[in-house]
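Chain residues, written in single-letter form:
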Amino acid sequence: MQFVVHRDPVGRAASHHIARADLAPFGLDGRVEQLWLRALNDGSHQVACIPFAAYGIALGDTVLLDDEDYVSEVVGTAWHRTLRLVFVPGLPADDLRAAADGMRAETGAAGLLSEWEGDRLVAVDVPPDVEPAGLLAVMGALVEAGHARWEWADAMPFAARS
């Protein structure tokens, strides 16, 4: 099993819980994403990271866990959306560095939270009522240059493991 981990989750706290989301329902057989969660008083949990691979889950959403600590259901939405961008393999190091710096600068200028998995994948939290026009322009330019691909993480609904 291969794990997608969050080394620096935006909502990290010592009291948070790490659970898993099976990525097989999204075409990533054999992969599991570790999600940081904050326990709520009713037995549910609030997502405290920006998902890199799981679809249909965003920062602040409320989820339930099964007996094996896998996310089984999204029961409440925070109405946040996640934009994900991945740089293409083989991108020259100087181009990758410049493109990543551009993404960091634009997310910072827009006041948006982001998490990086290595230097090739970034997940950006887009809160409700925020229109990320500048970020979308930067991402679109990277795609047009052949440097990256991007997607909205709510392109598919969440699906629990079978």
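Parameters and conventions
Residues numbered from 1 in each chain as written. Predicted model: local features only at pLDDT ≥ 70, side-chain atom pairs only at ≥ 80, totals over all residues. Heavy atoms only, no water. Helix = DSSP H or I, 4+ residues; strand = E, 2+ residues; numbered from the N terminus. Rg over C-alpha atoms; globule rule 2.2 N^0.38 Å. Contact = heavy atoms within 4.5 Å. Areas by Shrake-Rupley, 256 points an atom, 1.4 Å probe, with all protein chains shown as cover. Lys, Arg positive; Asp, Glu negative; His and termini not counted. Charge placed at Lys NZ, Arg CZ, Asp CG, Glu CD. Pairing = 2+ DSSP bridges. Axes fitted to C-alpha atoms, helices over the stretch in contact; angles between N-to-C directions. Phe/Tyr/Trp six-rings, centres within 6.5 Å; stacked < 30°, edge-to-face > 60°. Buried < 20%, exposed > 50% of the residue type's maximum accessible area, 1.4 Å probe, protein only. Parallel < 35°, antiparallel > 145°, perpendicular 65-115°, else oblique. Nonpolar A, V, L, I, M, F, W, Y, C, P; charged D, E, K, R; others polar. Salt bridge = Lys/Arg side-chain N within 4 Å of Asp/Glu carboxyl O.

J.: Before we move on, could you go through the overall build of the protein and cite the residues and values that matter?
T.: Scanning the protein from N- to C-terminus turns up 2 helices and 10 strands. Tracing the protein from N to C terminus, the helices and strands come up as β-β-β-β-β-β-β-α-β-β-α-β. Against the globule reference of 15 Å for 162 residues, the protein gives a C-alpha radius of gyration of 16 Å, in line with a compact fold. Once the C-alpha set of the protein is aligned to its principal axes, its extents read approximately 45 × 35 × 30 Å. Look at the contacts in the protein between residues 6 or more apart in sequence, and 59% of them connect residues 24 or more apart. Counting every atom, the protein has about 8,100 Å² of accessible surface; 51% of that belongs to carbon and sulfur. When the 12 basic and 24 acidic side-chain charges of the protein are each reduced to a single mean position, those positions are 5 Å apart.

J.: Describe the sheet that holds strand E7 (residues 81–87), naming the residues involved and giving the relevant values.
T.: Strand order in this open sheet of 4 strands is E8-E9-E7-E10, and the pairing throughout is antiparallel. Pairing within the sheet leaves two strands with one partner each, and these edge strands are strand E8 (114–117) and strand E10 (148–152). Adjacent strand axes in the sheet meet at a mean angle of 15 degrees, parallel and antiparallel pairs treated alike. Relative to strand E9 (residues 121–126), E7 is paired through 6 bridges, and the arrangement is antiparallel. Counted as the bridge partner of Arg84 is Ala123 from E9. The strands touched by helix H1 (residues 93–109) are E7, E8 and E9; relative to E7, the strand with the most contacts, the crossing angle is about 165 degrees.

J.: A description of the packing of aromatic side chains should follow, citing residues and the corresponding values.
T.: Two aromatic rings are characterised by how far apart their centres lie and by the angle between their planes. Counted by the stated rule, this structure contains 4 aromatic pairs. An angle of 15 degrees between the planes, with centres 6.4 Å apart, marks the rings of Phe87 and Trp116 as stacked. With Phe87 in strand E7 and Trp116 in strand E8, this residue pair connects regions lying 29 residues apart in the sequence. The pair Phe87 / Trp116 is uniform in exposure class, with both members buried.

J.: Describe in detail the packing of H1 against helix H2 (residues 133–144), supporting the description with residues and values.
T.: Helix packing for two helices is described by the angle between their axes and how far apart those axes are. In the contact formed by H1 and H2, the axes pass within 9 Å of each other and the chain directions differ by 170 degrees. Viewed along their axes, H1 and H2 adopt a mutual orientation that is roughly antiparallel. Each of Ala99, Gly102, Met103, Glu106 and Thr107 in H1 lies in contact with H2, whose residues at this interface are Gly134, Leu135, Val138, Met139 and Leu142. A class-by-class count of the residues in the contact of H1 with H2 yields 6 nonpolar, 3 polar and 1 charged.

J.: Kindly report on the pattern of salt bridges, identifying the contributing residues and their values.
T.: Enumeration over the complete set of coordinates arrives at 5 salt bridges. The partner of Arg161 in a salt bridge is Glu68, with the nearest N and O atoms 2.8 Å apart. With Arg161 in the segment after E10 and Glu68 in the loop between strand E5 (62–65) and strand E6 (71–76), the pair connects residues that are 93 residues apart, well separated along the chain. By relative accessible area, which is 48% here, Glu68 ends up partly exposed. What emerges from the salt-bridge pattern is a single network uniting Asp66, Glu68 and Arg161.

J.: Now, about the pairing of E5: what can you tell me, with residues and values included?
T.: Judged from the 2 bridges that link them, strand E4 (residues 45–47) and E5 form a sheet pairing that is antiparallel. By the bridge assignment, His45 is partnered in E5 with Val63. In this sheet, E6 lies alongside E5 in antiparallel orientation, the contact comprising 4 bridges. Bridging across to E6, Thr62 finds its partner in Gly76. Between E5 and the antiparallel strand that follows it, E6, lie 5 residues; Asp69 among them carries a positive phi value of about 65 degrees.

No statement about biological role is implied by the geometric values presented.
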